[in-house]
Amino acid sequence: MKVSDAKIIDLPKICDPRGNLTVVEELKDIPFKIARCYWIYDVPGGESRGGHAHKKLKQLLIALSGSFTVTLDDGTEKKTILLNHPYQGLILETNIWRTLDDFSSGAVCMVLASDIYDPDDYIYDYNEFIEYRKHLDG
Ligand code: T46
């Protein structure tokens, strides 16, 4: 996957005078089965999350509340995407270095993941990531 392929997807938004509702169904709204959900919140101003890549894991990131940026890096190109709507999501494909920054006050980042937590799926060293990408990209 290349950074240029990354894009925000619009999720179903059911508008209602009682309040709106957004839904995600596996293999329909997103291209993978959901094995895990976690969320990041109470991020102090100026803090970053991420700073790694995944070999096999795919994820959908949603700003349930507030906003934050996601910087994607495929070893060749970088792109920063703002997430700030609870009816939109960003699909994070495999082998992309990602960093989450600029969390607004009260921001909540919900993540739907294609697999259970596996520390062995992470690449934490940027140089190792670059070598891994070179190997993958041939
Ligand atoms: C990602 C970004 C967006 C668990 O025990 N289970 C889990 O499912 C997760 C995600 C984390 N943890 C533990 C592992 C660490 O001791 O929670 C602690 C913090 O995790 P981490 O430093 O990986 O958090 P982030 O915000 O840097 O990264 C997370 C995800 O790990 C990662 O897959 O893409 O959010």
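What you are looking at is a predicted structure, and each value in this text was computed from that prediction instead of being measured.

Calculation notes
Residues numbered from 1 in each chain as written. Predicted model: local features only at pLDDT ≥ 70, side-chain atom pairs only at ≥ 80, totals over all residues. Heavy atoms only, no water. Helix = DSSP H or I, 4+ residues; strand = E, 2+ residues; numbered from the N terminus. Buried < 20%, exposed > 50% of the residue type's maximum accessible area, 1.4 Å probe, protein only. Contact = heavy atoms within 4.5 Å. Near = heavy atom within 4 Å. Polar contact = N/O pair within 3.5 Å; in protein donor to acceptor, adjacent residues only side chain to side chain. Areas by Shrake-Rupley, 256 points an atom, 1.4 Å probe, with all protein chains shown as cover. Nonpolar A, V, L, I, M, F, W, Y, C, P; charged D, E, K, R; others polar. Core = buried A, V, L, I, M, F, W, Y, C linked by side-chain atoms within 4.5 Å.

1. Considering the environment of Lys-56
Tracing the backbone shows Lys-56 in the loop between β5 (49-54) and β6 (59-65). Under the relative-accessibility criterion, Lys-56 is labelled exposed at 68%. Non-local contacts of Lys-56, meaning those with residues more than four positions away in its chain, are made with Thr-94, Ser-114 and Asp-121.

2. Section: the site of the ligand
Neighbouring the ligand are the residues Arg-36, Tyr-38, Ile-40, Arg-49, Gly-50, His-52, His-54, Gln-59, Arg-98, Leu-100, Tyr-117 and Tyr-122. Take Arg-49: an N or O atom from its side chain is 2.7 Å from an oxygen atom of the ligand. Between an oxygen atom of the ligand and a side-chain N or O atom of Gln-59, the distance comes to 2.8 Å. Protein chains bury 66% of the 650 Å² of accessible surface belonging to the ligand in isolation. Only β4 (36-40), β5 and β10 (97-101) provide two or more residues apiece to the shell around the ligand. Of all the elements, β5 adds the most residues to the shell around the ligand, at four residues. In the shell around the ligand, the residues fall into five nonpolar, four polar and three charged.

3. So, the nonpolar core
The biggest cluster of nonpolar side chains holds 19 residues, and the ones touching the most others in it are Leu-61, Phe-68, Val-70, Leu-72 and Cys-109. Breaking this core down by element, the ones donating at least two residues are β6, β7 (68-73), β8 (78-83), β9 (88-92) and β11 (108-113). A per-element tally of this core places β7 first, with three residues. Excluding residues within four positions of it along the chain, Val-70 makes contact with Leu-61, Lys-79, Thr-80, Ile-81, Leu-83, Leu-90, Arg-98, Thr-99 and Leu-100. Of all hydrophobic cores here, the second largest spans nine residues; its members include Ile-30, Leu-60, Ile-62 and Ile-91.

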